Amino acid sequence: MEQSPYAVKKSIYEVKLWEGDKPLLSSLNIELTERCNNKCIHCYINLPKDDKEAQKKEMTGKEIKKILKEAALLGCMQIMFTGGEPLLREDFDELYIFTRKLGIKVFIFTNATLIDEKRAELFSKIPPGEKIEITIYGMKKRSYEAVTRNPGSFESAMKGVNLLLQKKVPFVVKGAILPQNKEEIEEFEEWAKTIPWMDKPPGYAMFFDLRGRRDKQKDLIKKVRLSPQEGLDIITRKRKEYIKEMKEFCGKFMKPSGDKIFSCGAGTGGGTVDSYGKFQLCMLLRHPDTVYDLKKGSLKDGIENFFVKIREIKATNSDYLNRCGKCFLKGLCEQCPGKSWSEHGSLDTPVEYLCEIAHKQAEFLGLLEEGEKAWEVVEWKERLDRLTGKEKSDNSTLAVL
Amino acid sequence: MEQKINIKNTYCQSEDVVAREIHGEFIIIPITSGIGDLEDELYTLNETGKNIWDRLDGKKSLKEIAMELSKEFDAPLEEIEKDVAGLTEELLVRRIVLEV
């Protein structure tokens, strides 16, 4: 068909609409529920699976379908169903089929514990169009369930994984690294290699976000997240690859951001709908002033008008302006309004944990001396040039000239 | 896999695909397995392809479709028949259209 004069078969990424002039909405995340059958110690969103109050507040299937229909009209090609555990919703299969019939591909983020024969068959017959993403919490029952606090969840997850393998439903696995399972990384990666659809090593979550709802779970998450040094040891365990990757990255994305707080693409061409119909710029940012109520409006208005205004918000916190605003580690640091909200309840408060992680990485890369503060470094451009090799190539050019 | 096309026969769009027009691209997206590849493949039709696709309604024969297009675009019937049969054959192989 590639050579046909009438029709062209191409990758979704080659279609014109993904370049330059994108549709108003290219992709959308929908949190189908905040409830989960696991009770993971590090998770910022899981409510108990039988939380009736939460269930009552959740969007109805009809409301979700209305959002999906509008998403399709706006040009959306990909929807991510996440949660909580999205498969926990009784009408998940119905919503999934509805979305696929709109011609939208579905990303599913799941723990795989609720994938039974029937669901595996459904995914085989009507493929999501995108690889299912499964988070694995440990390679042994003991470590896995020490994280999920759900007896039997290890067996259920492995059963789900095996059903997908049997039915040849494409999926990938990713890890959440915690003190309970951090010794199992090698074993996890070896196992991941046996999954036919893993075309690169698994991704990991380890610098966990606190809880946007600001309840007691926040203190528990603080206790289980890795120290910046432990995280650095994991990130840099493939030293050569890490340095190569960071040299390229740092050459592109490192500079102080001033009073601008949104330097990512959040809210442009997409967003996240929470379980209750609130439209957010990204998954983390749940500050009440930054969310748009879809029960009273539309995706279009949210993106075209509301999000545009939110993205114009500037930092006013002097601590942020004096540190983050002047810090050249911007690209290395995960500081953003979403993380600030998750940790502190405001949009522009420096997150100490993320700052320490960025500084550890910068020290490892030779951008900072131990104890130096990046926002105090005047000659940061020269340091970046030394790391990325720009200084050397400039010299070489001069030598040739 | 060869599929014989008969210009006198009638064909319809499969219910296993969805056609969407987004930003000027006319895209056919498979929603069940066995049509195209699972990962990120989809099909886009050009203007000629779209005009033919819109008429594959399971009621009109390919001959009738060609006559309709020939009239509408003031083009030689023989040429249009070749286009209609050509595209339908490609789509039939992919199970994007079915013979009625």
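A quick note: this is a predicted structure, and the numbers were derived from the prediction, not measured.

Student: Could you give an account of the overall build of chain B, with specific residues and numbers?
Tutor: Within chain B, the secondary structure is distributed over three helices and six strands. The secondary structure elements of chain B, listed N-terminal to C-terminal, are β-β-β-β-α-β-α-α-β. The C-alpha atoms of chain B give a radius of gyration of 13 Å, which matches the 13 Å a tight globule of 100 residues would have. Each of the three principal axes of chain B carries a C-alpha extent, and together these read 40 × 30 × 20 Å. Counting over 100 residues, chain B shows a buried share of 45%. For chain B, the proportion of contacts with a sequence separation of at least 24, taken over those separated by at least 6, is 56%. Taken as a whole, chain B presents about 5200 Å² of accessible surface, with 45% of it coming from carbon and sulfur.

Student: Please set out the domain arrangement of chain A residue by residue, giving values where relevant.
Tutor: All names here are of chain A. We note that the domain assignment places domain 1 (23–226) and domain 2 (238–261 + 315–395) within chain A. Inter-centroid distance (C-alpha atoms) of domain 1 to domain 2 is 31 Å. Taken residue by residue, the interface counts 11 residues in domain 1 and 10 residues in domain 2. Note on domain 1 versus domain 2: buried area summed over both sides is about 910 Å², and carbon and sulfur give 41% of it. When the buried area of domain 1 at its contact with domain 2 is split by residue, Phe207, Arg214 and Arg225 rank highest and sum to 53% of it. Linking domain 1 with domain 2 are three salt bridges. For lysine 339, the salt bridge identified is with aspartate 209, shortest N-O distance 2.7 Å. Counting across the domain 1 and domain 2 interface gives six residue pairs in polar contact (both at pLDDT 80 or more).

Student: So what about the packing of aromatic side chains? Which residues, and what values?
Tutor: Residue and element names in this part refer to chain A. All told, the structure shown has 16 aromatic pairs over all chains when counted by the stated rule. When the centroid spacing of 4.9 Å and the interplanar angle of 40° are considered together, the rings of phenylalanine 249 and phenylalanine 253 count as tilted. Here the residue phenylalanine 249 and the residue phenylalanine 253 both occupy positions in helix α10 (residues 239–253), the gap between them amounting to four residues, near one helical turn. When its relative accessible area of 47% is taken as the criterion, phenylalanine 253 is described as partly exposed. An aromatic cluster of at least three residues, connected via ring pairs, comprises Phe81, Phe92, Tyr96 and Phe123. It is lysine 57 that lies over the ring of tyrosine 276; its NZ or CZ is 4.8 Å from the centre. Looking at arginine 225, its charged tip hangs above the ring of tyrosine 353, at a distance of 3.9 Å from the centre.

Student: Quick rundown of the environment of leucine 74 of chain A? Include the residues and the values.
Tutor: Residue and element names in this part refer to chain A. Along the chain, leucine 74 turns up in the loop between α2 (61–73) and β5 (78–82). For the pair formed by leucine 74 and glycine 269, sequence separation is 195 residues and the distance between their alpha carbons is 9.8 Å. When neighbours within four sequence positions are excluded, leucine 74 is seen to be in contact with Pro23, Leu24, Leu25, Leu299 and Lys300.

Student: Any details on the environment of lysine 56 of chain A? Residues and values, ideally.
Tutor: Residues and elements named next belong to chain A. Looking at where lysine 56 falls in the secondary structure, it is placed in helix α1 (residues 52–57). You can call lysine 56 exposed: its relative accessible area is 78%. Taking the C-alpha atoms as reference points, lysine 56 and tyrosine 276, 220 residues apart in sequence, are found 9.5 Å from one another.

Student: Talk me through helix α8 (residues 217–224) of chain A; I want residue IDs and the actual numbers.
Tutor: All names here are of chain A. Taken together, the buried positions of α8 are occupied by Gln217, Lys218, Ile221 and Val224. Down the axis of α8, the smallest arc covering the buried residues is 130°, so these residues share one side. Where the residues of α8 are buried, they touch α13 (337–344).

Basis of the calculations
Residues numbered from 1 in each chain as written. Chains lettered and ligands numbered in written order. Predicted model: local features only at pLDDT ≥ 70, side-chain atom pairs only at ≥ 80, totals over all residues. Heavy atoms only, no water. Helix = DSSP H or I, 4+ residues; strand = E, 2+ residues; numbered from the N terminus. Rg over C-alpha atoms; globule rule 2.2 N^0.38 Å. Buried < 20%, exposed > 50% of the residue type's maximum accessible area, 1.4 Å probe, protein only. Contact = heavy atoms within 4.5 Å. Areas by Shrake-Rupley, 256 points an atom, 1.4 Å probe, with all protein chains shown as cover. Domains from an automatic or database assignment. Buried area = accessible area lost by both parts, 1.4 Å probe. Salt bridge = Lys/Arg side-chain N within 4 Å of Asp/Glu carboxyl O. Polar contact = N/O pair within 3.5 Å; in protein donor to acceptor, adjacent residues only side chain to side chain. Phe/Tyr/Trp six-rings, centres within 6.5 Å; stacked < 30°, edge-to-face > 60°. Lys NZ or Arg CZ within 6 Å of the ring centre and 35° of its normal. Arc of directions from axis to C-beta.

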